[in-house]
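Chain residues, written in single-letter form:
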Amino acid sequence: MQGGTDRERLIRQLVAILPNERSPRVLDLCCGPGDVGRAVRARFPEAQVDHVDRDEFFLALCRAVNQREGLTHRVVRGDLWTSAWRAECPGPYDAALLANALHWFNDRRLLEILGEVRESLAPGGMFAFLEPASPIADLAAPHAAWLAAELPGASDQFNRDWADFWQRLDEAMGYEYYENVVAGLPPGEEFGAEDGLHVTKFVDLLREAGFREVDILARDAFSVVIAALR
Ligand SMILES: C[S@@+](CC[C@H](N)C(=O)[O-])C[C@H]1O[C@@H](n2cnc3c(N)ncnc32)[C@H](O)[C@@H]1O
């Protein structure tokens, strides 16, 4: 489990808003172990799902779980730091879904990725994602104070969920795999958004990338679910 206890509900929300087609073509971007793509298949047994990630360990996990569940999804290696990933996933897709990975890129690359995802969608296709969200800098302190008063310990728990997951991964691999491999960056690139993960920034970048409609479907103290239509 990565990303806290609300994660499965939010992933179901990503899947619930997919258009009701018999066999949609769906891209699970930065799939990790592949839960998002398998949630799609749970709703649409005839969906064609492509999982893409750059990490060989997560890809192997994804393949192994799919095999255990008798699922014949495509599982391909693609690194979203360059546009080359698109050659592996030419589309057109009815939808692209992503959970908890856009914050691994900086603003420059994020805008490019959003354009590339848009290009991989059929006209009318949807990009929907679940990401951590944070308030703008001016609101960070009062927001943190409100959170501590209303939901004591929730912030620590959220961070601990992630830290525990990465620690278990390191233990399984026998070395600092997260630091050395999963979180590796191309030369000269920065990790993460420059000034936080503001919901309005996601919306602005989606519009700049050319999506015609953008909606915020859920926002709580930690996360946001956003959908955009090509
Ligand atoms: C926090 S995990 C989320 C995994 C999955 N979406 C989930 O919710 O379980 C982030 C994932 O993004 C992948 N990732 C990070 N940078 C990437 C890149 N440049 N290209 C492709 N995948 C990347 C990581 O390998 C990891 O599997």
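Scroll up for the structure.
Residues numbered from 1 in each chain as written. Predicted model: local features only at pLDDT ≥ 70, side-chain atom pairs only at ≥ 80, totals over all residues.

### Here we look at helix H2 (residues 35-43)
Because an α-helix completes one turn every 3.6 residues, residues spaced three or four positions apart along the sequence face the same direction. Across the nine residues of H2, seven count as buried, placing the element largely inside the fold. What H2 keeps buried is the set Asp-35, Val-36, Gly-37, Arg-38, Ala-39, Val-40 and Arg-41. Where H2 is buried, its residues meet helix H1 (7-16), strand S1 (25-29), strand S2 (48-53) and strand S4 (93-99). (Buried ≥ 20, exposed ≤ 12 C-beta atoms within 10 Å, placed from the backbone. Helix = DSSP H or I, 4+ residues; strand = E, 2+ residues; numbered from the N terminus. Contact = placed C-beta atoms within 7 Å.)

### Describing helix H7 (residues 154-173)
Compared with the 28 Å implied by 1.5 Å per residue over 20 residues, the 29 Å span of H7 between its first and last C-alpha is a close match. Positive phi appears at Gly-174, one or two residues downstream of H7, with a value of about 85°. (Expected span 1.5 Å × (residues − 1).)

### A short note on the pairing of S1
For S1, the buried fraction is high: four of the five residues fall into the buried class. As paired strands, S1 and S2 are joined by five bridges and run parallel to one another. When the bridges of S2 are listed, Asp-28 appears paired with His-51. At this point the chain moves from S1, through H2, to the parallel S2, and the crossover so formed is right-handed. Summarising the sheet, S1 and S4 pair through four bridges and their orientation is parallel. Note on S4: the bridge partner recorded for Val-26 is Ala-95. (Pairing = 2+ DSSP bridges. Right-handed = clockwise from strand over helix to strand, strands pointing away.)

### Here's the deal with unusual backbone geometry
Here the residue pair Gly-91 and Pro-92 is connected by a cis peptide bond, since its omega of 0° sits within 30 degrees of zero. By the element assignment, Pro-92 lies in the loop between helix H4 (85-88) and S4. Its identity as a non-glycine residue notwithstanding, Cys-30 has a phi of 50°, on the positive side. Mapped onto the elements of the fold, Cys-30 is located in the loop between S1 and H2. Among the residues examined, Cys-30 registers 24 C-beta atoms within 10 Å and is labelled buried. For Asn-100, which is not a glycine, the phi torsion comes out positive at approximately 60°.

### Let's talk about the environment of Leu-206
Of note, Leu-206 is situated in helix H9 (residues 199-208). Of the residues examined, Leu-206 has 26 C-beta atoms within 10 Å and is grouped as buried. Separated by 91 residues in sequence, Leu-206 and Gly-115 have C-alpha atoms that sit 8.1 Å apart. If near-sequence neighbours (up to four positions away) are discounted, Leu-206 is found in contact with Leu-114, Phe-211, Val-214 and Ala-228.

By themselves, these are just geometric observations and shouldn't be taken as functional.
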